[in-house]
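One-letter residues, chain by chain:
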Amino acid sequence: MGKYSAAFTKGILKENPTLRLILGTCPTLAVTTAVISGFGMGLAATFVLVCSNIVISLLRKIIPDKVRLPAFIVVIAGFTTIVQLLMKAYLPSLNELLGIYLPLIVVNCIILGRAEAFASKNSVGLAALDGLGMGVGFTAALTLMGAIRELLGNGTLCGWPENGLMPAITVFALPAGGFFVFGILIWLTNKLSTRLDKGFKPKQTIGCESCPNAATCGKGSEGGEQHGA
Amino acid sequence: MEHNLFLIVLGGLLVNNFVLSQFLGICPFLGVSKKIGPAFGMSLAVIFVMLMATAATWPIQYFLLDPNDLGYLQTIVFILIIATLVQLVEIVLKKFVPPLYKALGIYLPLITTNCAVLGVTILNINSGYNFGESMLNSLGAGLGFLLAMVMFAGVRERLEAADIPEGLKGVPSTLIAASLVSLSFLGFQGLFGL
């Protein structure tokens, strides 16, 4: 049973996609102006992550190696469309709030990353748990960021209380505040991790070259040196 | 709906800057911005793909998806078009324009999953732009991406030499620098009533 619980728990803390692997930065910064939108985005991405992990794991022996990335993208895009339609029908206000970032779940590198790194190599049960764990980690990080930014930027938490707990520092609700809060959170995560885990090394780089798909692209090097063919 | 063409470009470039105000294309913005040269090359590749993607997706939305009530397939169709387009552009450039391929080629594969490209094509449709306006909007967004990338690369080149507290080195300091650059773009908010 050990490997099942490990597949689930690693995404929550040890390999938290947002705070430790620093993936999926666009939604992390964009929709965390409030608790509810951060949480909503987390749930939507978790749904896509779990479903696409399951389907890709089921298809892992059928999808030819050469076209696996386009195949993964089609599966992910399919589930993203399902989330879009469900949200439009049942949670129209959240749909408004997430706007363009809902269809952009397709290009969230966490999802494609898990498909490539885990789901395409492991059995269905493990893949589902891995997706769930990563999703929970992503949702937790987004909710936390949403809470910080809503409290500081708007003075409320989940829209409560009506006239605010404290005076609003508007800049935290603005894009600049998003970068700032994320930077501070990563700094705190690094600090805590180094204290708790002797072997931990803070990530020094961000973006494409640290993306799990970098090896697939074969061109993820920062600085633009040409690799391979 | 009438749109002022000049304001569309300027809006994408400054007021609603894709990277700094709308958080689209953050991965390359933080990843490929260590030096000005690569940042410039990456941005040119993004502008190029954005224009191509818009030229391909706009007609498909209005002549294929909408008349057949297939609007809900937008996400799947657009991402597939962008992915194939990027591959196609790469092959064509490699064969026919080797100098351009040398300059942009290495950035092209990274662009497939760049949310700025998918974002601009969907936003064009959502904003109800006609074909010309869509192309201009993509151009403005691309130029805005270029501006943000090159500016931020300049900041980061300076940051390399700065004496930063140990814990903040690397990613946190990059993000905080991005926050300050984004703050400066706040000055454009409300400009031209956008």
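A few words on the overall build of chain B. Helix and strand counts for chain B come out as nine helices and zero strands. Taken from N to C terminus, the helices and strands of chain B fall in the order α-α-α-α-α-α-α-α-α. Here the C-alpha radius of gyration of chain B, 18 Å, is about what a compact globule of 194 residues would show, namely 16 Å. Each of the three principal axes of chain B carries a C-alpha extent, and together these read 60 × 45 × 25 Å.

A word on the interface of chain B and chain A. Across the boundary between the two partners, chain B contributes 47 residues, which contact 46 residues of chain A. Counting across the interface, chain B meets chain A through zero salt bridges. The tally of links from chain B across to chain A stands at four residue pairs in polar contact (both at pLDDT 80 or more). Broken down by secondary-structure element, the contributors of at least two residues to the side of chain B that touches chain A are α2 (26-31), α4 (74-96), α6 (108-111), α7 (115-126) and α9 (171-185) of chain B. In terms of residue count, α9(B) provides more of the side of chain B that touches chain A than any other element does, eight residues in total. Looking at side-chain class alone, the side of chain B that touches chain A contains 30 nonpolar, 13 polar and four charged residues.

Moving on to the nonpolar core. In this structure, Tyr101(A), Phe179(A), Phe29(B) and Leu118(B) are the most contacted members of the largest nonpolar core, which totals 105 residues. Looking at this core element by element, the count peaks at nine residues for helix α3 (residues 36-65) of chain B. The contact partners of Phe179(A), leaving out residues within four places of it in the chain, are Leu29(A), Val19(B), Leu20(B), Phe23(B), Ile26(B), Phe29(B), Leu175(B), Ala178(B), Ser179(B) and Ser182(B).

Of the pockets and cavities examined, the second largest pocket occupies roughly 370 Å³. Every residue lining the second largest pocket is counted, 16 residues in all, and those nearest its centre are Gln84(A), Lys88(A), Pro103(A), Gln74(B) and Asn126(B). Where the lining of the second largest pocket is concerned, the elements lending two or more residues are α4 (68-90) and α5 (92-98) of chain A together with α4 and α7 of chain B. Here the lining of the second largest pocket is composed, by residue class, of six nonpolar, eight polar and two charged.

Before going further, it helps to examine the side chain of Thr32(A). Residues and elements named next belong to chain A. Relative to the helices and strands, Thr32 resides in the loop between α2 (25-30) and α3 (35-58). Overall, Thr32 belongs to the buried group, its relative accessible area being 0%. Of the polar contacts made by the side chain of Thr32, one reaches the backbone oxygen of Thr28; its length is 2.8 Å. Those residues in contact with Thr32 that sit more than four places away from it in its chain are Pro27, Leu142, Met145, Gly146 and Arg149.

Pairing is possible between side chains of opposite charge, provided their charged atoms come close. Residues and elements named next belong to chain A. By the definition in use, this model includes five salt bridges over all chains. Between Asp130 and Lys10 there is a salt bridge, and its shortest N-O distance comes to 2.7 Å. Highlighted residues: Asp130 in helix α7 (residues 124-154) and Lys10 in the loop between α1 (2-9) and α2, separated in sequence by 120 residues. A single burial state applies to Asp130 and to Lys10, both of which are buried. The closest approach of N and O atoms between Asp130 and Arg114, which form a salt bridge, is 2.9 Å. Within this pair, whereas Asp130 is found in helix α7, its partner Arg114 is found in helix α6 (residues 109-119), the two being separated by 16 residues in sequence. Asp130 gets classed as buried once you look at its relative accessible area, which sits at 0%. Look at Arg114 and you get buried, because its relative accessible area is 10%.

Residue and element names in this part refer to chain A. Residue-level pLDDT values for chain A average 84, and 88% of them are 70 or greater. The least confident element of chain A, judged by mean pLDDT, is helix α9 (residues 214-217) at 49; the most confident is α3 at 95. Counting interchain partners and residues more than four positions distant, the pLDDT-below-50 stretch residues 215-229 has 28 contacts.

Inspection of the secondary structure assignment puts Gln84(A) in helix α4. Non-local contacts of Gln84(A), meaning those with residues more than four positions away in its chain, are made with Leu102(A), Pro103(A) and Thr75(B).

Further remarks concern the packing of α1(A) against α7(A). Two elements in contact, α1(A) and α7(A), have axes separated by 6 Å at closest approach and are oriented at 30°. On α7(A), the residues touching Lys3(A), Tyr4(A), Ala7(A) and Phe8(A) of α1(A) are Gly125(A), Leu126(A), Leu129(A), Asp130(A), Leu132(A), Gly133(A) and Val136(A).

Turning next to the environment of Gly128(B). All names here are of chain B. Looking at the secondary structure, you find Gly128 in the loop between α7 and α8 (131-161). For Gly128, a relative accessible area of 41% gives the class partly exposed. With 45 residues separating them along the chain, Gly128 and Ser173 place their C-alpha atoms 39 Å apart. With residues near it in sequence (within four places) discarded, Gly128 still touches His3 and Tyr62.

What follows is about a nonpolar patch on the surface. Residue and element names in this part refer to chain A. On the surface, Phe47, Ile82, Leu86, Tyr90 and Leu91 cluster together into a nonpolar patch covering about 500 Å² of accessible area. Counting residues per element, the nonpolar patch draws most heavily on α4, at three residues. For Tyr90, a relative accessible area of 67% translates into the label exposed.

Parameters at a glance
- Residues numbered from 1 in each chain as written.
- Chains lettered and ligands numbered in written order.
- Predicted model: local features only at pLDDT ≥ 70, side-chain atom pairs only at ≥ 80, totals over all residues.
- Heavy atoms only, no water.
- Helix = DSSP H or I, 4+ residues; strand = E, 2+ residues; numbered from the N terminus.
- Rg over C-alpha atoms; globule rule 2.2 N^0.38 Å.
- Contact = heavy atoms within 4.5 Å.
- Salt bridge = Lys/Arg side-chain N within 4 Å of Asp/Glu carboxyl O.
- Polar contact = N/O pair within 3.5 Å; in protein donor to acceptor, adjacent residues only side chain to side chain.
- Nonpolar A, V, L, I, M, F, W, Y, C, P; charged D, E, K, R; others polar.
- Core = buried A, V, L, I, M, F, W, Y, C linked by side-chain atoms within 4.5 Å.
- Buried < 20%, exposed > 50% of the residue type's maximum accessible area, 1.4 Å probe, protein only.
- 1 Å grid on protein atoms, 1.4 Å probe; cavity = no way out; pocket = protein on both sides within 12 Å on 5 of 7 lines; lining within 4 Å.
- Points joined across faces, edges and corners; volume = space filled by probe spheres on them.
- pLDDT = per-residue confidence, 0-100.
- Axes fitted to C-alpha atoms, helices over the stretch in contact; angles between N-to-C directions.
- Patch = residues over 30% accessible without salt bridge, like charges linked within 9 Å, V, L, I, M, F, W, Y side chains within 5 Å.
- Areas by Shrake-Rupley, 256 points an atom, 1.4 Å probe, with all protein chains shown as cover.

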